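Below, each chain spelled out in residue letters.
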Amino acid sequence: MTRTRAVTHTNGAKRNGRFDRFTDRGSRREGGAVEFQLLGAVEAWEQKLQLDLGPRKQRFTFAILALNVNQLVPVERLVDLTWPSQPPRTAHHAIHVRVSRLRQAIRQCRSGNNDADIITRGSAYMLKVNPLSIDVHRFRAVVAGARQENDDAVKVSLLRHALAMWHGPPLADVTTPDAAAVLCHGLEEARLSALEECLDAELRLGRHAAVVGELTDLVALHPYRQRLQAQLMLALYRCGRVTDALDAYRTARARLADELALEPESRLSDLQRSILRADPALEPPRAHTPARTQLPHEIWSFVRSDARSEEIAVEAHELTKWFGARTAVDSVSFTARKGEVIGLLGPNGAGKTTTIRMLSTLLAPTGGDFSVAGVPSSRPADIRPLIGVLPENPGFPGHHTGVEYLTYHGRLFGLSREEAVRTAVKLLGQVGLADAARARVATYSRGMRQRLGLARALVNDPAVVLLDEPTTGLDPTGQLEILTLVRTIAETRGTTVLLSTHAVPEVERICTGVLILDQGRLISSQVMT
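Residues numbered from 1 in each chain as written. Predicted model: local features only at pLDDT ≥ 70, side-chain atom pairs only at ≥ 80, totals over all residues. Heavy atoms only, no water.

The protein chain is annotated in an unreviewed UniProt entry as ATP-binding cassette domain-containing protein from Lentzea tibetensis.

Below, the structure written as structure tokens:
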């Protein structure tokens, strides 16, 4: 559970507890592509608006097309999957009607940034859309990216990010067990494999105490997965529960013998012998923090492990901004340390955006001052290379591809063309857009454009990232994906993040501290633990 403690500050009185005063008042919808969900209920979202894909059988037809995105699916295949035993004489006509209605539903919400469509080629249909707008294909892309990472902390963040896309069994509300076995037989195995890889990385990081409970539940759910059994044994041993670790082995061995007539794999039996002799190789790894001079200076190296240090990244003192007779920000003071994620929380008009704009040097303070990484606000030109900014409503050139957009900004920060392209490709992979690198930005969904905006904010390897309402207009899954990326930036790079929002759950999910603003004044600051 998230706990908060009140902190005194220069601007106001103490306040305790949760932030019940502030509620998510919704956000402005902007035109964007549709995002499709198959990992759970079959749904389509245009930002926060759920689209009507029709009744169950119609959504089942859509799910088949989405699983085979950008591939032709013969009508006969759709008929066979919908009526596996005895299709009615009107089966082909029914499929045509369902596809027609699906096409109409998708086209009704099409905007300049959405090119999703169902096209006909002879006696086959194809859902034509960017695969990353479908959670199944996005899940696979993020997992593939995680497997290329050498840093276990990054691997864990990416895999947890991918696993968070799942909201239940695939096609949960449209399919039958027989159809699911045909269409989704590899998806559950892909999820469990990603989860096992994630837990292996967690154990390599010495997080055995954090995952032992999760592993206990997973072994109960999947008693024949010996990799999970081995992970549980190792976690129990490292927690000092040697007897429990050996009991777990005996239980697994007896179940395999009694129910499957199998002997344990060598990984289990070898681990049991190592536990019996207290093999030093089973001890948790020692934390190692490499010196900064040992690291290559590259954007988002994901190797920095000195996050959340005592080094001050942002310091504001009596920061004030007037617009004529109106005071937008009134004597706000705070300190943010390296690696922290600080939420600026408050209703519309509280002064959050104005504070972000002052810290990004877009607005000059009327009074007070601030510093970024030790550089005072009196030197705005020296601050700009140290910050990355994602405004609430960023503009993106639709005719550029993702890699062209980031390459352009890399060149603005002085990178050679070769360095800029290399940086662009790397960042797109790290925010889950590798497969869309060569696609036009106009085809990106709102969530994809926000991830592109995060990548843009990292082009110059900033010490501080300023995000103004980064989840505006996103559906719940898109919000979670962006918040996970934000937390990854802070945890793995040691970057300080200031995030403005009026949504309490966002603060509780990822922030290490919160500044509560109301009518321009800082009324409370709290540490999240």
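Still more to cover.
Caption draft 1: Main features of the overall build of the protein chain. The helix and strand tally for the protein chain stands at 18 helices and 17 strands. Residues classed as buried in the protein chain amount to 55% of the 529 residues present. Sequence separation of 24 or more characterises 69% of the internal contacts of the protein chain that already satisfy a separation of 6 or more. (Helix = DSSP H or I, 4+ residues; strand = E, 2+ residues; numbered from the N terminus. Buried < 20%, exposed > 50% of the residue type's maximum accessible area, 1.4 Å probe, protein only. Contact = heavy atoms within 4.5 Å.)

Caption draft 2: Representation of the sheet that holds strand 6 (residues 117-121) within the structure. On the basis of which strands lie adjacent, the open sheet formed by three strands has the order 5-7-6 and antiparallel pairing. Each having just a single partner strand, strand 5 (73-74) and strand 6 make up the two edges of the open sheet. Bridging between strand 5 and strand 7 (residues 124-128) involves two bridges; their strand directions are antiparallel. Bridge pairing links Val73 to Tyr125 in strand 7. Packed onto the sheet, helix 1 (residues 56-67) meets strand 5, strand 6 and strand 7 and runs at close to 70° relative to strand 7. The strands that helix 3 (residues 91-108) touches are strand 6 and strand 7; relative to strand 6, the one it contacts most, it runs at about 140°. (Pairing = 2+ DSSP bridges. Axes fitted to C-alpha atoms, helices over the stretch in contact; angles between N-to-C directions.)

Caption draft 3: Quick peek at the pattern of salt bridges. Using the criterion set out here, one finds 21 salt bridges in the structure. Notably, a salt bridge pairs Glu202 with Arg160, separated by 3.2 Å at the nearest N-O pair. Note that Glu202 is positioned in helix 7 (residues 185-204) and Arg160 in helix 5 (residues 152-163), a separation of 42 residues in sequence. One salt-bridge network, in which partners are shared between bridges, spans Glu189, Glu196, Asp200, Arg225 and Arg227. (Salt bridge = Lys/Arg side-chain N within 4 Å of Asp/Glu carboxyl O.)

Caption draft 4: Focus on the sheet that holds strand 8 (residues 312-323). With antiparallel pairing, the four strands of this open sheet are ordered in space as 9-8-11-12. Single-partner strands in this sheet number two, and they are strand 9 (326-337) and strand 12 (375-376). Strand contacts of helix 12 (residues 352-359): strand 8, strand 9 and strand 11 (367-372), with the helix running at about 120° to strand 8, the strand carrying the most contacts.

Caption draft 5: Highlighting the packing of helix 4 (residues 135-147) against helix 5. Interhelical geometry of helix 4 versus helix 5 gives an angle of 170° and a closest axis separation of 9 Å. In terms of orientation, helix 4 lies roughly antiparallel with respect to helix 5. The segment helix 4 lies against helix 5, with Phe139, Val142, Val143, Gly145, Ala146 and Arg147 engaging Lys155, Leu158, Leu159, His161, Ala162 and Leu163. Split by residue class, the contact of helix 4 with helix 5 holds eight nonpolar, two polar and two charged. (Parallel < 35°, antiparallel > 145°, perpendicular 65-115°, else oblique. Nonpolar A, V, L, I, M, F, W, Y, C, P; charged D, E, K, R; others polar.)

Caption draft 6: Structural detail: the nonpolar core. Ranked by internal contacts, the top residues of the largest apolar core, which has 80 residues, are Leu38, Phe62, Leu127, Ile134, Phe139 and Leu171. At eight residues, the largest contribution of residues to this core is made by helix 9 (residues 226-238). Each of domain 1 (33-204) and domain 2 (206-286) contributes no fewer than three residues to this core. Ignoring any residue separated from it by four or fewer positions in sequence, one finds Leu171 in contact with Leu38, Gly40, Val42, Ala63, Leu67, Leu183 and Cys184. If you look at the next biggest cluster of nonpolar residues, it comprises 42 residues, including Leu132, Leu458, Leu485 and Ala490. (Core = buried A, V, L, I, M, F, W, Y, C linked by side-chain atoms within 4.5 Å. Domains from an automatic or database assignment.)

Caption draft 7: Representation of a nonpolar patch on the surface in the model. Where nonpolar side chains cluster on the molecular surface, the patch consists of Tyr224, Leu260 and Leu262 and spans about 260 Å² of accessible area. Tracing the backbone through its elements, the reader meets Leu262 in the loop between helix 10 (242-260) and helix 11 (266-276). (Patch = residues over 30% accessible without salt bridge, like charges linked within 9 Å, V, L, I, M, F, W, Y side chains within 5 Å. Areas by Shrake-Rupley, 256 points an atom, 1.4 Å probe, with all protein chains shown as cover.)

Caption draft 8: A look at the packing of aromatic side chains. Summed over the entire model, instances satisfying the criterion amount to three aromatic pairs. Between the aromatic rings of Phe139 and Trp166, the centroid separation amounts to 5.6 Å while the plane-to-plane angle is 80°, which identifies the pairing as edge-to-face. Separated by 27 residues along the polypeptide, Phe139 in helix 4 and Trp166 in the loop between helix 5 and helix 6 (177-183) bring together distant segments of the chain. By relative accessible area, which is 12% here, Trp166 ends up buried. (Phe/Tyr/Trp six-rings, centres within 6.5 Å; stacked < 30°, edge-to-face > 60°.)

Caption draft 9: Structural view of the packing of helix 7 against helix 8 (residues 208-221). Contact pair helix 7 / helix 8: the axes reach a minimum separation of 10 Å and the direction vectors enclose 150°. Relative to helix 8, the element helix 7 lies roughly antiparallel. The handedness of the crossing between helix 7 and helix 8 comes out as left-handed. Facing Leu195, Leu199, Glu202 and Leu203 of helix 7, the residues of helix 8 in contact are His208, Val211, Glu214, Leu215 and Leu218. Classifying every residue of the contact of helix 7 with helix 8 by side-chain character gives six nonpolar, one polar and two charged. (Left-handed = near helix turned anticlockwise from the far one by under 90°.)

Caption draft 10: Summary view of the pairing of strand 3 (residues 43-46). Residues of strand 3 alternate between two faces, with Glu43 and Trp45 on one and Ala44 and Glu46 on the opposite face, all of them buried. As judged from the three bridges shared by strand 2 (residues 35-37) and strand 3, these two strands associate in the antiparallel manner. Note that in strand 3 the partner of Glu35 across the bridge is Trp45. Two successive antiparallel strands, strand 2 and strand 3, enclose a turn made up of five residues, where Gly40 displays a positive phi of approximately 130°. Both strand 3 and strand 4 (residues 49-51) contribute to a ladder of three bridges, which runs antiparallel. Considered in strand 4, the bridge of Glu46 is made with Leu49.

Caption draft 11: Structural detail: the pairing of strand 15 (residues 496-501). Most of strand 15 sits out of view: six of its six residues are buried. The two faces of strand 15 match: Thr496, Leu498 and Ser500 on one face and Val497, Leu499 and Thr501 on the other face are all buried. Direction of pairing for strand 10 (residues 341-345) relative to strand 15: parallel, over a ladder of five bridges. Along strand 15, the bridge assignment pairs Gly343 with Leu499. The pairing of strand 14 (residues 464-468) with strand 15 spans five bridges and is parallel. From the neighbouring strand, Leu467 faces strand 15, where its bridge partner is Leu499. The β-α-β motif built from strand 14, the intervening helix 17 (residues 476-493) and the parallel element strand 15 has right-handed crossover chirality. (Right-handed = clockwise from strand over helix to strand, strands pointing away.)

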